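Summary of structural features
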Amino acid sequence: MSKDSAPLARWLSPLRRYLRHELLPLLVDLRLAIGLLLAIAVFSAIGTVIEQEETVAFYQAHYPEQPALFGFLTWRLILKLGLDHVYRTPWFLALLILLGSSLAACSLTRQWPMLKAARRWSYLTRPPSFQRLPFWTYLPKQSLQGLPQRLRQGGYAVFQEGSCLYARKGLIGRFGPILVHASLLLILLGAIWGSLAGFKAQELIPSGGVAAIEHITGAGDLARLPTWQIRVNRFWIDYAPDGRVKQFYSDLSILEGGQEVKRQTISVNHPLSYQGVTLYQADWSIDSIRIRLNNSPPFQIPVVRVPNQAGNKLWGAFIPTRPNLSEGLTLLLPDLQGTALLYDAEGQWIGSLRQGMSLALDEVAPQRFPNRLTLHLDEVIGATGLQIKSDPGIPLVYLGFGLLMLGVVMSYFSYSQVWALETEAGLYLGGKTNRALVTFEQEFARLVEQQRLASSPSGEKESRPAEASL
């Protein structure tokens, strides 16, 4: 060892001792793993109950200081503790990392050595060793003849050396716990990576409009926003006969450098995915209307959401009837079916018209409109509400759950072992298993009976019963 590396070695030696004798026993402690699982479950439940990724105004309205929910839960406490984005907080990620470290330590110090021990075979060379097995028997004047073939027919891998025999089956069951731990680590890794590199956004884009992803509601520290744009080619709603919304659709295009690279019509539960980003149909609105007065060119007027006590969706717009905007009408739209209601300045109903139709105002209200004035409603322009989400950890989570199911199935395979020792006086036969004791007991009894019958010169059962212990 060189002089330069000596100080480093003296510094690393205590660290290794601490990791091996202090930290590692703590990580493999079952009580720590149970405590971490309970903490993660509690905070996950809190993140489910408390709305996530909302605005400050939302929490101020729903969690006021007076009166505080449960006497202590206010919007200030929620924002201070990060309960508005539980799954991206440093302390929640630290819990996941600590749980993953505990699983990894348990796999390396317990599960992996158990698998290595199961792959090794060893012979029992002394008769007293069989008496320590859960199942054993002694067959006087018997030999190993025919036993290896019968064990192989039963699915055992057989190893024989002279008068000693060892057989095992179900080694796949020893891989199950390790695979379960590995799958849980993948799930945790996917959750952590999704929290750090994922993002959520919401966009309200009018039909025919183009927009980039800008309105971010939540993003991890490593999140990268896409540079492509979204174009809404068309947005429409299917209504039921009673006027209820059945489904709403958006014909979307993904644009890169102004060129369309993907096009798809989405609806509720049928999203569009591109480069790891998923676009969901989440909401809808009315953006504007296109009208004409008499023979004027069409012009577009924006509409605004009108609050009402019933909580129903309603949009309104001011329709000027004079060039100086001194007079006008109020137009109300309850939906995208195109039926508009017109009211004058005093709030009196004048009439209604549908999209693509006209209304002669001088005929329905001659006192207010003595001169010829016809209103044409050419188009009601809707807007699609998109929820945009990117979670790069989802493939790892899906892979983890797939391996978890496989590992659970593998864990149900019984790992069974059989030993035999031939002596001058007879044959010692024993075995054990880690599960399905009744099944193995029946299998072991059949094996003993077959061996006795095959080795008996008369082909009949011997009068002396075989010794057995359970």
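Before going into details, it helps to say that this report is about the structure given with it. Quick caveat, the model's predicted, so the values are computed rather than measured.

Quick word on the sheet that holds strand β7 (residues 229-239)
- In spatial order, the strands read β5-β7-β8-β9; together these four strands make up an open sheet with antiparallel pairing. Lying at the two open borders of the sheet, with one neighbouring strand each, are β5 (210-212) and β9 (259-267). Averaged over all pairs of adjacent strands, the angle between strand axes in this sheet comes to 30°, irrespective of strand direction.
- Bridge count for β5 against β7 is three bridges, and the pairing is antiparallel. Bridged to Ala212 within β7 is Gln229.

What to know about the sheet that holds strand β15 (residues 328-333)
- The strand order across the open sheet formed by five strands is β13-β14-β15-β16-β17, and the pairing between neighbours is antiparallel. Each edge of the open sheet carries a strand with a single partner, namely β13 (304-305) and β17 (349-353).
- As paired elements, β13 and strand β14 (residues 315-320) share two bridges and run antiparallel to each other. Each bridged residue has a counterpart across the sheet, and for Arg305 the counterpart in β14 is Trp315.

Topic: the packing of aromatic side chains
- Overall, the coordinates contain 16 aromatic pairs when judged by the stated rule.
- An angle of 15° between the planes, with centres 5.3 Å apart, marks the rings of Trp236 and Tyr249 as stacked. Of this pair, Trp236 sits in strand β7 while Tyr249 sits in strand β8 (residues 245-256), and the two are 13 residues apart along the sequence.
- In this structure Tyr249 comes out as partly exposed when scored by relative accessible area, which is 22%.
- The rings of Phe43, Tyr87, Trp91 and Phe92 are connected pair by pair, giving a single aromatic cluster.
- Sitting over the face of the ring of Trp236, Arg234 holds its NZ or CZ atom 4.2 Å from the ring centroid.
- Over the face of the ring belonging to Trp315 we find Arg305, whose NZ or CZ atom lies 5.3 Å from the ring centre.

Conventions adopted
- Residues numbered from 1 in each chain as written.
- Predicted model: local features only at pLDDT ≥ 70, side-chain atom pairs only at ≥ 80, totals over all residues.
- Heavy atoms only, no water.
- Pairing = 2+ DSSP bridges.
- Helix = DSSP H or I, 4+ residues; strand = E, 2+ residues; numbered from the N terminus.
- Axes fitted to C-alpha atoms, helices over the stretch in contact; angles between N-to-C directions.
- Phe/Tyr/Trp six-rings, centres within 6.5 Å; stacked < 30°, edge-to-face > 60°.
- Buried < 20%, exposed > 50% of the residue type's maximum accessible area, 1.4 Å probe, protein only.
- Lys NZ or Arg CZ within 6 Å of the ring centre and 35° of its normal.

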